[in-house]
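Read off the chains here:
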Amino acid sequence: MNEGLRQRARESLWQDNPALRRLLGLCPLLAVSDSLVKALGLGLAVLLVLPLAGLGAALVGRVPGIRVRLPALLLINATLAACAELLLLAFAYELQQRLGIFIALLASSSLLLATRHRAGPHAPLTAATDAALTGLGFVLLLLPLAALRESLGSGRLLADAHLLFGPRAQGWGLALGDYQGFALPLLAPGGFILLGLLIALYNRLEQRRRERLPGQSHSLHAGTESPASPTDLP
């Protein structure tokens, strides 16, 4: 791995994580993280759609004199999101029904996530790589949050694994001893609370990392930096 790719990976996965630092994609993050299997399904869709969306954004930028760039990007992203939804309908119908509208909303979410690095029209592969790393950074927060919410809320993990992995996964669920769980983590307020705790932990770790770097500013914290766009797309 060359130094430039290593630096971009470090930024996307930790230092400039789209969800922890810029608070992007909070709507699907909180909506599907009540189940680890649902989070895995959305995560796979994100990792499929975002790199292709980043590649499409870079290729559209190479067209000279184009004046309808935003509609073109939305059309590309909507096509990619529709393909991801059709794949889920074909191979994991029940999971697609539980994910509901959030697969279709990748058409708008990916527009912001996949283009936040602004890789430029001259670097389509770089844009696709950056978008893939951004998606991976989002998924690396989505999965632990989903595992926390499901385990604390129901006392089990992967209870509905068959939705993604088929009938052979009926017995994959893990029971956490005699713990029966409580409802709050599975509800929206519990999701916000756990996400806030994860962001606070991230802030603390990032602050300690910056304190060990001489000459670095310690004033920026997650959630206070202005996002790439004035509003978050759902």
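Residues numbered from 1 in each chain as written. Predicted model: local features only at pLDDT ≥ 70, side-chain atom pairs only at ≥ 80, totals over all residues. Heavy atoms only, no water.

### So, the environment of Asn 17
Structurally, the position occupied by Asn 17 is in the loop between helix 1 (3-15) and helix 2 (26-32). As a C-alpha pair, Asn 17 and Leu 133 span 116 residues in sequence and 9.4 Å in three-dimensional space. Ignoring sequence-local partners within four residues, the contact set of Asn 17 consists of Glu 11, Ser 12, Arg 22, Gly 137 and Phe 138. Among the polar contacts listed, one links the side chain of Asn 17 to the backbone oxygen of Leu 13, at a separation of 3.4 Å. (Helix = DSSP H or I, 4+ residues; strand = E, 2+ residues; numbered from the N terminus. Contact = heavy atoms within 4.5 Å. Polar contact = N/O pair within 3.5 Å; in protein donor to acceptor, adjacent residues only side chain to side chain.)

### Things to note about the packing of helix 3 (residues 36-61) against helix 4 (residues 69-91)
Contact geometry for helix 3 and helix 4: axes closest at 9 Å, N-to-C directions at 155°. Between helix 3 and helix 4, the angle falls in the class roughly antiparallel. Judged by the sense of rotation from one axis to the other, the crossing of helix 3 with helix 4 is right-handed. Note on element contacts: helix 4 touches helix 3 through Arg 69, Ala 72, Leu 73, Ile 76, Asn 77, Leu 80, Ala 81, Ala 84 and Leu 87, opposite Ala 45, Leu 48, Val 49, Leu 52, Ala 53, Gly 56, Ala 57, Val 60 and Gly 61. A class-by-class count of the residues in the contact of helix 3 with helix 4 yields 14 nonpolar, 3 polar and 1 charged. (Axes fitted to C-alpha atoms, helices over the stretch in contact; angles between N-to-C directions. Parallel < 35°, antiparallel > 145°, perpendicular 65-115°, else oblique. Left-handed = near helix turned anticlockwise from the far one by under 90°. Nonpolar A, V, L, I, M, F, W, Y, C, P; charged D, E, K, R; others polar.)

### Structural notes on a nonpolar patch on the surface
A contiguous nonpolar surface patch, about 760 Å² in accessible area, is contributed by Leu 148, Leu 152, Leu 176, Tyr 179, Phe 182, Leu 184, Leu 187, Ile 193 and Leu 197. Every element with two or more residues in the nonpolar patch is listed here: helix 7 (124-154) and helix 9 (188-211). Considering the arrangement of structural elements, one finds Leu 148 in helix 7. Judged by relative accessible area, Leu 148 falls into the partly exposed class, the value being 33%. (Patch = residues over 30% accessible without salt bridge, like charges linked within 9 Å, V, L, I, M, F, W, Y side chains within 5 Å. Areas by Shrake-Rupley, 256 points an atom, 1.4 Å probe, with all protein chains shown as cover. Salt bridge = Lys/Arg side-chain N within 4 Å of Asp/Glu carboxyl O. Buried < 20%, exposed > 50% of the residue type's maximum accessible area, 1.4 Å probe, protein only.)

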